[in-house]
Amino acid sequence: SSLVTSSNGNAGLEVFDGDNTASDVQVRGGNVSSHSGNLFDQDGSVISGGKENKVAADFATVGGGETNEVLESHATIGGGQGNTADGEHATVAGGNNNTANYFHATVGGGTDNTANTSNTTVGGGIQNTASGSYATVAGGNTNTASGRSAMVSGGEDSTASGDYATVAGGNTNT
């Protein structure tokens, strides 16, 4: 172990067992990370594990996984691979290549899903997009909720584009 000073001037402690593996831990100024190429140097931020994860904002978290990136304060990624949280208080719980990129945007999981306006949610599925304020896509495949408070419950290739519109499911419904 050794006492170190991070680039923001905070003192910390690095603990190594000598083999530079994922079991090694860094603690710097209240920040915590396992080794394995994880990058962070922000106040109050945490990377609990995984590989090549990045936190570039204060009070943000990556729980684990690989190549996940948190870019705004108070945002969280639980795990998965290639996920991005790029909005304040944005959350990606897991999955693969999901993006929550606006204030309070949330993606629960799945693959290639995007929540990209304030207070939007994609529960899961594949290639779903919630782009209207307060819009939700619960799941399915290639669904879009683009109207304000619009909702697509599931199905495939369906779109809720009007404000307060709902598509319960099915295929290519609007």
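Residues numbered from 1 in each chain as written. Predicted model: local features only at pLDDT ≥ 70, side-chain atom pairs only at ≥ 80, totals over all residues. Heavy atoms only, no water.

### Structural notes on the overall build of the protein chain
Inclusion rule: Numbered from the N terminus, helices here are DSSP runs of H or I no shorter than four residues, and strands are runs of E no shorter than two. Should any heavy atoms of two residues lie within 4.5 Å, those residues are counted as being in contact. Computed with a 1.4 Å probe, the accessible areas rest on the Shrake-Rupley method; for each residue, only the protein chains presented here act as cover.
Of the regular secondary structure elements, the protein chain holds zero helices and 22 strands. Intrachain contacts of the protein chain at a sequence separation of at least 6 include 1% that bridge at least 24 residues. Summed over its atoms, the accessible surface of the protein chain is roughly 7,600 Å², and 47% of this surface lies on carbon and sulfur atoms.

### Notes on the environment of Gly155
Heads up, the rule is: Residue exposure (1.4 Å probe, protein chains only): buried if accessible area is under 20% of the type maximum, exposed if over 50%, otherwise partly exposed.
Tracing the backbone through its elements, the reader meets Gly155 in the loop between β20 (151-152) and β21 (159-160). Owing to a relative accessible area of 32%, Gly155 belongs among the partly exposed residues under this scheme. Taking the C-alpha atoms as reference points, Gly155 and Gly170, separated by 15 residues in sequence, lie 4.6 Å from one another. When sequence neighbours within four positions are dropped, the list of residues in contact with Gly155 reads Gly140, Asn141, Asn143, Gly169 and Gly170.

### Some details on unusual backbone geometry
For Asp112, which is not a glycine, the phi torsion comes out positive at approximately 60 degrees. Positionally, Asp112 belongs in the loop between β14 (106-107) and β15 (114-115).

### Digging into the confidence of the model for the protein chain
Defined as follows: Think of pLDDT as the predictor's per-residue confidence, scored from 0 to 100.
On average, residues of the protein chain score 85 in pLDDT, and 78% of them are at 70 or above. Of the regions scoring below 50 in pLDDT, residues 1-18 engages in 38 contacts with residues more than four places distant in sequence or in other chains. Here residues 20-25 scores under 50 on pLDDT; set against residues more than four positions off or in separate chains, the count is 18 contacts.

### Regarding the environment of Glu88
Its location among the elements puts Glu88 in the loop between β11 (84-85) and β12 (91-92). Taking the C-alpha atoms as reference, Glu88 lies 6.5 Å from His104; in sequence the two are 16 residues apart. Once residues within four sequence positions are removed from consideration, Glu88 is found in contact with Glu72, Ser73, Tyr102, Phe103 and His104.

### Observations concerning the side chain of Thr84
Relative to the assigned elements, Thr84 resides in strand β11. Thr84 has contacts with Glu69, Leu71, Ile77, Val92, Asn98, Thr99 and Ala100, leaving out every residue within four places of it along the chain.

### What to know about the environment of Gly123
Take Gly123: it is sitting in the loop between β16 (121-122) and β17 (129-130). C-alpha of Gly123 to C-alpha of Thr106: the two residues are 17 residues apart in sequence and 7.9 Å apart in space.

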